[in-house]
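Examining the three-dimensional arrangement
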Amino acid sequence: MTRTKGILADRAIEALFASGGLKSEAALDADQIQPASLDLRLGSKALRVRASFMPGRDAKVADKLERLTLHEIDLENGAVLETGCVYIVPLMESLDLPAAMSASANPKSSTGRLDIFTRVMVDHAQEFDKIPAGYKGPLYLEISPRTFPVIVRRGSRLSQIRFRIGQSLLGESELLELHRTETLVASEAPNVSGGGIALSIDLKGTGPDGLLGYRGKHHTSVIDVDRKGVHDVLDFWEPLYSRGRDELILDPDEFYILVSNEAVHVPPMYAAEMTPYDPLVGEFRVHYAGFFDPGFGHAAAGGTGSRAVLEVRSHEVPFILEHGQVIGRLVYEHMQERPQGLYGSGLGSNYQAQGLKLSKHFRAA
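Okay, so let's go over this structure. (Residues numbered from 1 in each chain as written. Predicted model: local features only at pLDDT ≥ 70, side-chain atom pairs only at ≥ 80, totals over all residues. Heavy atoms only, no water.)

Our focus in this paragraph is the overall build of the chain. Along its length, the chain carries 5 helices and 26 strands. For 365 residues, the compact-globule estimate of 2.2 N^0.38 gives 21 Å, and the chain sits close to it at 20 Å. Structurally, the chain occupies a C-alpha span of about 55 × 50 × 35 Å along its principal axes. The burial tally for the chain puts 56% of its 365 residues in the buried class. Counting contacts in the chain only where the partners sit at least 6 residues apart, residues at least 24 apart contribute 81% of the total. Summing over all exposed atoms, the chain offers an accessible surface of approximately 15,300 Å²; the carbon and sulfur share of this is 48%. (Helix = DSSP H or I, 4+ residues; strand = E, 2+ residues; numbered from the N terminus. Rg over C-alpha atoms; globule rule 2.2 N^0.38 Å. Buried < 20%, exposed > 50% of the residue type's maximum accessible area, 1.4 Å probe, protein only. Contact = heavy atoms within 4.5 Å. Areas by Shrake-Rupley, 256 points an atom, 1.4 Å probe, with all protein chains shown as cover.)

What follows is the structure, given as structure tokens:
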């Protein structure tokens, strides 16, 4: 079944590249197309800028860069991006979208779990991570490492893009019916409002020590974003354990990795996204990397019991989280068609059937 509106699946993304709607400096990598998104690759240079900026309706990104660039960094052989700095990187991919097609971007899961703040910009943009229908032009990625300095290079993938035709979000009644038939979150009484289904926090901890999460350390060595399983956990993270109170005080501007209380399920004909910040549930941001692909948590794709790992940062004031507290909402969209490959089904997906889990860059305990 193919819908006229919805998120483009892997086959349609391939066709978009073949038709010229999606362009690149080089052929796409073999694993670059995901079930409902495309990984975006860094180009050959990073521009260190004075501050983050929005192009605005009347300007191109390149025009602003002429005024705001401090220096240029060659990424061909890899370079360190420092914490607290803002960089703009022209991406290898560019767009020439059909008039009815728009797109949105988000950090990849591993990017969010390293506390690398990224946002895609396009010419004449008035919003980050939003690409208007019919956009023709280059793509740029703003990068700001928040906790750890990182090594990146040409071809590194920190962000991903979804393409869509029309409006495909599920309303509250559709969400409730889909939950009834497919169990979207492991909850008998789902909290559905604002177009999303709620997730709560697990602060009871797991294992004999009651591990409930991690807090990022400061003044660490660098992390190479393209190397898996090479870094020692304790060099970068402080494990946090339950002390019998099932709560955690978030310190302002500290970075935490926590996990949802509920398992999450994204059926094959749907894609999901977590809202990054909801002032109604507290002054903190949850989940930088918001895309959940079709098949995440799907039993047939080996995902039974997959929970959402959450990147959490408090704002301004300390904030107490308690076990079972609502920390964010998932919104669901229709796919145009079922993807050829589902998340976790032979795609080398790193986070299927996950519980509390750091990014792929760290050695398993």
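Okay, the side chain of Gln-160 next. For Gln-160, the location among the structural elements is in strand β13 (residues 157-165). For Gln-160, the side chain forms a polar contact with the main-chain oxygen of Pro-107, separated by 3.3 Å. Apart from residues no more than four positions distant in its own chain, Gln-160 is found in contact with Ser-37, Leu-38, Asp-39, Leu-40, Ser-104, Ala-105, Asn-106, Pro-107, Lys-108, Ser-109 and Phe-291. (Polar contact = N/O pair within 3.5 Å; in protein donor to acceptor, adjacent residues only side chain to side chain.)

Let us look at the sheet that holds strand β17 (residues 223-224). Ordered in space as β6-β12-β17, the 3 strands form an open sheet in which the pairing is mixed. The open sheet has two free edges, formed respectively by β6 (79-81) and β17, since each of these has just one partner strand. Strand direction decides the pairing type here: β6 and strand β12 (residues 150-152), joined by 3 bridges, are antiparallel. Bridging across to β12, Leu-81 finds its partner in Val-150. (Pairing = 2+ DSSP bridges.)

One can find Ser-104 in strand β8 (residues 101-107). Within the local environment of Ser-104, its side chain forms a polar contact with the side chain of Arg-164, the two groups lying 2.9 Å apart. Excluding its chain neighbours within four sequence positions, the residues that come into contact with Ser-104 are Asp-129, Lys-130, Ile-131, Gln-160, Ile-161, Arg-162, Arg-164 and Phe-291.

Turning to unusual backbone geometry, a few remarks are in order. Positioned with a positive phi, Asp-115 is a non-glycine residue whose angle comes to about 60°. For Asp-115, the location among the structural elements is in the loop between α3 (109-113) and β9 (116-121). One non-glycine residue, Asp-129, lies in the positive phi region at around 65°. In this fold, Asp-129 is placed in the loop between β9 and β10 (130-131). For Asp-129, a relative accessible area of 14% puts it in the buried group.

Looking now at helix α1 (residues 10-19). Each full turn of the α-helix corresponds to 3.6 residues, which orients residues three or four apart in the same direction. The set of residues buried in α1 consists of Asp-10, Ala-12, Ile-13 and Leu-16. Each buried residue of α1 lies within a common arc of 160° when the element is viewed along its axis, so the set occupies one face. Among the exposed residues of α1, those oriented more than 90 degrees off its buried face are Ala-18 and Ser-19. Each element contacted by the buried residues of α1 is listed here: β2 (22-24), β3 (38-41), β8 and β13. (Arc of directions from axis to C-beta.)

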